[in-house]
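Observations on the model geometry
Residue-level listing of the chains:
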Amino acid sequence: MALFDPKAKVISNYQRSIDERTSSIRKYYDEIGKLYYDQYKDMNVDNTKDINTRCEAITRLSNEIEDYKLKILFERGLKKCPNCGTENSLEYGFCFKCGSKFDEESSKEPKTDFEKAEEAVEEAAEAVEEKAEEASSEASEAPAEEEKKDEE
Ligand SMILES: [Zn+2]
């Protein structure tokens, strides 16, 4: 039953993320239009910076939307051919339409840039922790040697 399908809930969450971003993009387009017009009307106005910030935001949001679309596909057991864009079953090694080879990563869950950034932060934190552990084990070794000297 679709109603109790946990995947349906995950997909609808992704869809909501897409909808939110779509409406933000629409809002930014409107604002850019107004900023540009104000600049056109009054030569003393320079809105370049405000316009650029919004353009950058639109690019970022569009990329995030693409990421969420791929995640929805994944939940449906599908992946997109990087060559022709055709939707293929996750387990396919080659695109059934154009024959392009899929890499191994293609059957894994796609990650958004935000998730990748979070992972990078976690990895960096782990690396720092490991270094700290190494440093503390080195530090605890040093006094042990001194104790030996005392014994001699
Ligand atoms: Zn293809």
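Per chain, the residues get numbers from 1 upward, laid out in the order the sequence is written. Confidence filtering applies because this is a predicted model: local features only for residues at pLDDT of at least 70, side-chain atom pairs given and counted only at 80 or more, and all residues used for totals across whole chains, interfaces and linings.

When you go through the chain residue by residue, the secondary structure sums to 3 helices and 2 strands. Strands here are runs of E lasting at least two residues and helices are runs of H or I lasting at least four, both read from the DSSP assignment and numbered beginning at the N terminus. Helices (α) and strands (β) of the chain occur, in sequence order from the N terminus, as α-α-β-β-α. Once C-beta atoms are placed from the backbone, each residue is buried if 20 or more other C-beta atoms lie within 10 Å of its own, exposed if 12 or fewer, and partly exposed for counts between those two. Considering the chain as a whole, with its 152 residues, one finds that 7% of them fall into the buried category. Residues are treated as contacting if the C-beta atoms built from their backbones sit within 7 Å of each other. Considering only intrachain contacts with a sequence separation of at least 6, the fraction spanning at least 24 residues in the chain is 41%.

With that out of the way, let us pick up helix 2 (residues 48-75). Helix length check: helix 2 (28 residues) gives 41 Å between terminal C-alpha atoms against 40 Å at 1.5 Å per residue, within 8%. Inspection of helix 2 places R54, D67, Y68, K71, I72 and F74 among the buried residues, and these make up the whole buried set. Helix span, expected: 1.5 Å multiplied by one less than the number of residues in the helix.

The next subject is the packing of helix 1 (residues 6-41) against helix 2. To get an axis, fit a line to the C-alpha atoms, keeping to the stretch in contact for a helix; angles then go from 0 to 180 degrees between the N-to-C directions. It is at 9 Å that the axes of helix 1 and helix 2 come closest, and there the two elements cross at 160 degrees. Between helix 1 and helix 2, the interaxial angle falls into the category roughly antiparallel. Of the two elements, helix 1 crosses helix 2, and the hand of that crossing is left-handed. When grouped by side-chain class, the residues that make up the contact of helix 1 with helix 2 number 17 nonpolar, 5 polar and 9 charged. Throughout, the term roughly parallel applies to angles under 35 degrees, roughly antiparallel to angles over 145, roughly perpendicular to angles from 65 to 115, and oblique to all others. Two helices crossing with the near one rotated counterclockwise from the far one by less than a right angle form a left-handed crossing, whereas a clockwise rotation gives a right-handed crossing. The classification used treats Ala, Val, Leu, Ile, Met, Phe, Trp, Tyr, Cys and Pro as nonpolar, Asp, Glu, Lys and Arg as charged, and all other residues, Gly among them, as polar.

With respect to the helices, strands and loops of the structure, E20 is situated in helix 1. Taking the C-alpha atoms as reference points, E20 and L61, 41 residues apart in sequence, are found 9.6 Å from one another.

Time to look at the environment of T22. Inspection of the secondary structure puts T22 in helix 1. The sequence separation of T22 and L61 amounts to 39 residues, and the corresponding C-alpha distance is 7.8 Å.

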